[in-house]
Amino acid sequence: MDKKIIKTASKLLLLSLFLIHIGCNTTPKKSSNKESVKTVYASDVIPFFNHWKLILGDGSNVGYAINYENKDFFYTVNEDSINWVVFKAPNSGETHGTSNNTRTELAQVKKWYPKTANDKLTATLKVMNVSATGDARVAASHAVVIGQIHSADKHENEPLKIFYKKFPGHTKGSVFWHYEINTKGDDNSKRWDYSTAVWGNDFSVVGAEANTYPPEPKDGIALGEEFTYNIEVKDGIMTLEFMSEGHETKTFTKNLIESEYITTADIPEQTKKLFVPIGQDGVELKEAYTGEGLFFKLGAYNQTNGKSPEVNRNWCSGAETHGGDIQKQYEDGNYTEVWFKTGEISINKDAVSNEGYFNKNDHVN
């Protein structure tokens, strides 16, 4: 064979082996540095957190929740490319102020006065969980408060609480709102709430036995079903609007500066059924909440707790608390969880600092 041919073939073979070697060693290497995932904070989703201080389900006040999260109580989730802010609170844990109930809730840093008010709060949300246990005869069992107007002064009562409540085994729950009287005199133990249904039932519809539930509401709201509330207080009048796709829009008004409950004869039948039998039979100041600083709250204020129904059959649920072990409560559904998609707040120029409320209630159990 010609030596030139042999020499050329040898060169080609060596070149082929070199190219194969190079090819085998140019496979892209996996990066040893993991790509960091940016945390989406609640303040990225709803940019109004400079108006609030955040109270957690362990009773602590973390202050302004800007660029903040706590995986036990307050964080964000992304569902179908939509970010939601999650508020979560167990049936039992450390509480804020003198309340029996846990909350993961925003409290407004300014207060305003109803007579001169021009203040608004709106939110779009869905409730994802309410307590799996609780005495069905207790009106507060399986309920969560998702928005409030609270007084910062005197008795610190609540002219508005917006509730969601769903019994175990039901697909649909109820949305209703409460007005709490601003009790006349110094004995606030006689205060009571009046409940108004929005969709489904009001607070007074309870079970006949501890584990027997009333009929499911036909026009109720399911867990995971989105709805919106608008709260406006202007010149002493509170206006509420509730909206949800597939449900009738509901609007209500309530005078916050002139009471309709100034004598015992004014006490409504619902109150006589629920509150009067346990000694809560007070009357209200004629001027209601006039002159008191009011402020908004928003989040998950769990109404179910482990206290015995013998103490108070309206508010003490006797629910499972696992001795205050938060993780065990979360594992078996003994907590409340509310997701907020949007929120807006508008306050008038006459609003003043609400720091006095926090000074009184932080670290008090």
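For the structure, check the block above.
The text that follows walks through the structure, step by step, so that each part is easy to find. None of these values were measured; they are calculated from a predicted model.

Some details on the packing of aromatic side chains
Next, step 1: With the rule as written, the count across this model stands at 24 aromatic pairs.
Next, step 2: Between Tyr 330 and Tyr 335 the ring centres are 5.2 Å apart and the planes differ by 70°, which places this aromatic pair in the edge-to-face class.
Next, step 3: The exposure class of Tyr 335 is buried, given its relative accessible area of 12%.
Next, step 4: Taken together through their ring pairs, the aromatic side chains of Phe 48, Phe 49, Trp 52, Tyr 68, Phe 74, Phe 87 and Phe 340 make up a single cluster.
Next, step 5: One cation-aromatic arrangement involves Lys 53 over Phe 358; the distance from NZ or CZ to the ring centre is 4.9 Å.

Concerning the sheet that holds strand β7 (residues 118-129)
Next, step 1: Spatial strand order, β3-β4-β17-β7-β13-β14-β15: seven strands in an open sheet with antiparallel pairing. Because the sheet does not close on itself, it has two edges, and the strands there are β3 (74-79) and β15 (250-255). Sheet twist, expressed as the mean angle between neighbouring strand axes with direction ignored, is 30°.
Next, step 2: With eight bridges joining them, β7 and strand β13 (residues 227-234) adopt antiparallel strand pairing. In the sheet register, Lys 120 faces β13, and the bridge partner there is Glu 232.

What about the nonpolar core?
Next, step 1: If you look at the biggest cluster of nonpolar residues, it comprises 70 residues, and the most contacted ones within it are Phe 74, Trp 177, Tyr 229, Phe 242 and Leu 298.
Next, step 2: Contact partners of Phe 242, with chain neighbours within four places excluded, come to Ile 162, Val 175, Trp 177, Val 198, Trp 199, Thr 228, Tyr 229, Glu 248, Thr 249, Lys 250 and Phe 252.

Digging into the pairing of strand β4 (residues 82-90)
Next, step 1: In terms of burial, β4 is a largely internal element, seven of the nine residues being buried.
Next, step 2: Here six bridges tie β3 to β4, and the two strands are oriented antiparallel to one another. Within β4, the residue paired with Asn 78 across the bridge is Asn 83.
Next, step 3: In this antiparallel pair of consecutive strands, β3 and β4, the connection spans two residues, and Asp 80 shows a positive phi of 50°.
Next, step 4: Of the strand pairs in this sheet, β4 and strand β17 (residues 335-346) are connected by six bridges, and their pairing is antiparallel. Following the sheet pairing, Lys 88 is matched in β17 by Glu 337.

The rules behind these values
- Residues numbered from 1 in each chain as written.
- Predicted model: local features only at pLDDT ≥ 70, side-chain atom pairs only at ≥ 80, totals over all residues.
- Heavy atoms only, no water.
- Phe/Tyr/Trp six-rings, centres within 6.5 Å; stacked < 30°, edge-to-face > 60°.
- Buried < 20%, exposed > 50% of the residue type's maximum accessible area, 1.4 Å probe, protein only.
- Lys NZ or Arg CZ within 6 Å of the ring centre and 35° of its normal.
- Pairing = 2+ DSSP bridges.
- Helix = DSSP H or I, 4+ residues; strand = E, 2+ residues; numbered from the N terminus.
- Axes fitted to C-alpha atoms, helices over the stretch in contact; angles between N-to-C directions.
- Core = buried A, V, L, I, M, F, W, Y, C linked by side-chain atoms within 4.5 Å.
- Contact = heavy atoms within 4.5 Å.

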